[in-house]
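Tertiary structure, described
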Amino acid sequence: MATSILAPPPEGSGLKPVRGEPGIPLIGNTFQVMRQPFKVARQRYEQFGPVTWGWLLGQRTVTVQGPEAAEAVLVNRDKAFANGPAWSYFIGPFFYRGIMLLDFEEHLHHRRIMQQAFNKPRLRAYMEAMAPGIERGLDAWEPGLGFTVYDHVKQLTLDLAADVFMGVELDRAEADRINGAFIDAVRAGTAYVRFPVPGLRWHKGMKARRVLEAFFAAHLPAKRRDGGDDLFAALCQAETDDGHRFTDEDVVNHMIFALMAAHDTTTITLTTMAYYLAKYPEWQERLRDESFALVDEHGRTGLEFDDLDELTGIDMVMKEALRLVAPVPALPRKVVKDTELLGFHIPAGTTVVVPPLTNHHMPEWWPEPERFDPERFAPERREDKAHKYAWAPFGGGAHKCIGLHFAGMQVKSVLHQVLQRYRWSVPARYQWPLDTTSLPSPKDGLPVRLDRLEKSR
């Protein structure tokens, strides 16, 4: 396939042009990138280096690989890279004006208000609120062969989101309806056909957005009036020191985005952890021993906020899972003015993508990157410290995930309880079929043999 340059750099600038294999205009290498991201990323890096371009989902897209490039884009010192127009192309119609789709001063304004919903007292309240739902959800799991981890964890995280984020009781039919709307909205972002053809992803996403808007708008007046310990109430009540608050429309937009970000990414992380703990049962037993030791120490099965730092094994496995399968596989930005990146000329109007999914597999930064090795994150090794942006599942800079501490808290709370109740396994030769055409997830739902532990332990 012929190579070409994205655009000639200004004469006398000393900058290099970005080279690539654009492929077919508009389509380019979209199918290969989405279906074989690790293979394509490696080939491009070896052929063109850390900065290369091609057509992706109908856009001229520059992909930047490695932590140096990731830092330059995400830290964004000269404000050349904008979130809003980049993410809006993919998910704008479905997650309109979510916190990730705002930029610069407006983004900081909204973030300052939203931060009140993620301070330590709020996190403690969320953790207390989710505890009964975790126990109730896990006790309902039916052991046996063919138990699909992804489907059950997704249902659990949605139910927890209803408790902790929405603070409203949903019957099973309503919960399933809202869950289905979120699934359709997320999948619409990577639709090949990007206009509303009935029955296709984009059309389903548009319908889903209307469902979600109506749902939150209906419950908003009561939240404004009655308050509560949930995120919905927190966003209604959040106020900066100088008196700024969210409008009703702001609250609805942020709730739709936050609920998607919380339950989808947590589902992916827990499912990835479950897969590798099934493949490496010695690690599963190590974490189980850690959890039971905490139970013996404190005399309770549930996890409390001050216990979080004691689960060092779960923490290492969680970080390794986030490395192996970054829940948000790519972070796009739109270039708003001509700029320079690692000595390359990037013209205004270009879409630039930082790909954590493949960056976390670069052998230049991660020894034996395909190997499951949680000890990478042990204090004496800390391979993630090779570069500040070598491990960046939560992004970085001004747009670093505002809910990252909530996410870690939820993952640890759920897995701590699972380990005390169940043991799970997969056949020795099983390899999960990871679908990377949207947010990464197992095509088969990750079927395992689930066994209930004896209560005597």
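Throughout what follows, the structure given in this document is the object of discussion. (Residues numbered from 1 in each chain as written. Predicted model: local features only at pLDDT ≥ 70, side-chain atom pairs only at ≥ 80, totals over all residues. Heavy atoms only, no water.)

Observations concerning the side chain of R209
If you trace the backbone, R209 turns up in helix α9 (residues 201-226). Classification of R209 as buried rests on a relative accessible area of 5%. Here E213 takes part through its side chain, which lies 2.8 Å from a polar atom of the side chain of R209. (Helix = DSSP H or I, 4+ residues; strand = E, 2+ residues; numbered from the N terminus. Buried < 20%, exposed > 50% of the residue type's maximum accessible area, 1.4 Å probe, protein only. Polar contact = N/O pair within 3.5 Å; in protein donor to acceptor, adjacent residues only side chain to side chain.)

Section: unusual backbone geometry
Of note in this structure, R97 is not a glycine but carries a positive phi near 55 degrees. Overall, the relative accessible area of 25% leaves R97 in the partly exposed class. One non-glycine residue, R382, lies in the positive phi region at around 45 degrees. Secondary-structure assignment places R382 in the loop between α14 (356-359) and α15 (404-421).

What to know about the sheet that holds strand β6 (residues 144-148)
Across the sheet, three strands lie side by side as β6-β14-β11; this open sheet has antiparallel pairing. Unpaired on one side and paired on the other, β6 and β11 (422-425) mark the two borders of the sheet. Each strand of the sheet is rotated relative to its neighbour by a mean of 45 degrees, with strand direction disregarded. As paired strands, β11 and strand β14 (residues 447-452) are joined by four bridges and run antiparallel to one another. (Pairing = 2+ DSSP bridges. Axes fitted to C-alpha atoms, helices over the stretch in contact; angles between N-to-C directions.)

A look at the environment of I113
With respect to the helices and strands, I113 occurs in helix α5 (residues 104-114). Residues I113 and R421, 308 residues apart in the sequence, show an inter-C-alpha distance of 39 Å. Sequence-distant contacts of I113, that is, excluding residues within four places in its chain, are made with A238, T240, H244, R245 and F246. (Contact = heavy atoms within 4.5 Å.)

Describing the pairing of strand β7 (residues 331-335)
Of all five residues in β7, five are buried; the element is thus mostly enclosed. Burial along β7 is two-sided: the residues L331, R333 and V335 and P332 and K334 are all buried. Sheet analysis places β7 next to strand β10 (residues 351-354), joined by four bridges and oriented antiparallel. In the sheet register, R333 faces β10, and the bridge partner there is V352.

Notes on a positive patch on the surface
On the surface, R77, K385, K388 and K400 cluster together to form a positively charged patch. Looking at the element boundaries, K385 is found in the loop between α14 and α15. (Patch = residues over 30% accessible without salt bridge, like charges linked within 9 Å, V, L, I, M, F, W, Y side chains within 5 Å. Areas by Shrake-Rupley, 256 points an atom, 1.4 Å probe, with all protein chains shown as cover. Salt bridge = Lys/Arg side-chain N within 4 Å of Asp/Glu carboxyl O. Lys, Arg positive; Asp, Glu negative; His and termini not counted. Charge placed at Lys NZ, Arg CZ, Asp CG, Glu CD.)

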